[in-house]
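# Chains, contacts and geometry: an overview
Each chain, written out:
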Amino acid sequence: LILLALAVTGLALWPMAPIEGAAGEARGAGRLSSKIKGVKDALKGPSSSGMQFTVQFTEKELNAYFLKRCEQLPFRSVVVATQSGSFEIRVESSINLPFAIPGVNRDYLPGTYYLRGAFSGPNLVPSGMKVGHLPAIGPFREILLARLSLAAEEFVKDEDLKATVREVKIEPGQIEMVFQK
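Residues numbered from 1 in each chain as written. Predicted model: local features only at pLDDT ≥ 70, side-chain atom pairs only at ≥ 80, totals over all residues. Heavy atoms only, no water.

## Details of the pairing of strand β8 (residues 174-180)
- In terms of burial, β8 is a largely internal element, 6 of the 7 residues being buried.
- Sheet topology note: the strand β1 (residues 52-58)/β8 ladder contains 7 bridges and is antiparallel. Along β8, the bridge assignment pairs Gln 52 with Gln 180.
- Pairing analysis gives 6 bridges linking strand β7 (residues 165-171) to β8, with the strands arranged antiparallel. Across the sheet, Lys 169 pairs through a bridge with Glu 176, a residue of β8.
- The antiparallel hairpin formed by β7 and β8 contains 2 residues in its connecting segment, where Gly 173 sits at a positive phi of about 85 degrees. (Buried < 20%, exposed > 50% of the residue type's maximum accessible area, 1.4 Å probe, protein only. Helix = DSSP H or I, 4+ residues; strand = E, 2+ residues; numbered from the N terminus. Pairing = 2+ DSSP bridges.)

## Structural notes on a nonpolar patch on the surface
- Side chains of Ile 137, Phe 140 and Ile 143 sit close together on the surface and give an oily, nonpolar patch of about 350 Å² of accessible area.
- With respect to the helices, strands and loops of the structure, Ile 137 is situated in the loop between β6 (134-135) and α4 (139-149).
- By relative accessible area, Ile 137 is classed as exposed at 58%. (Patch = residues over 30% accessible without salt bridge, like charges linked within 9 Å, V, L, I, M, F, W, Y side chains within 5 Å. Areas by Shrake-Rupley, 256 points an atom, 1.4 Å probe, with all protein chains shown as cover. Salt bridge = Lys/Arg side-chain N within 4 Å of Asp/Glu carboxyl O.)

On their own, these measurements won't tell you what the molecule is for.
Right, dumping it as structure tokens:
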């Protein structure tokens, strides 16, 4: 039983390999926020009823945004990579264990979270989730989704904006979103 617990802990702490996403630059972090603000402003107008807005977010913009968000969150890095029809997100963070391990700095115990997914209309459809090399199953999937949503909370917590998303198209190097009031 102890060996099983150690094996599971080892798999969870064993970091996932990095994913390859277009590198974002700190100075470009505001572009994604500006685009979201522009959509919000456009949707507020009384004449916007029924209008559609298509906005493209490049991998560089997404990764720049997440680079900036890492300064405000307990994440070391967040990287997004897009392929035709799907995306991957890898988050590197510290894992706070409820116990001490002699000789191990608890503040620097690395952990990685991984999500592969796609969209069906405006809805996220996760197809693979991991903590380290351990597949996230059962209630751990919801915990992992909640943790990952911290990185994009500017968008995730805005129910009015989410309600206007009609379609999400994922292509290599970009995500295109269609909004309609």
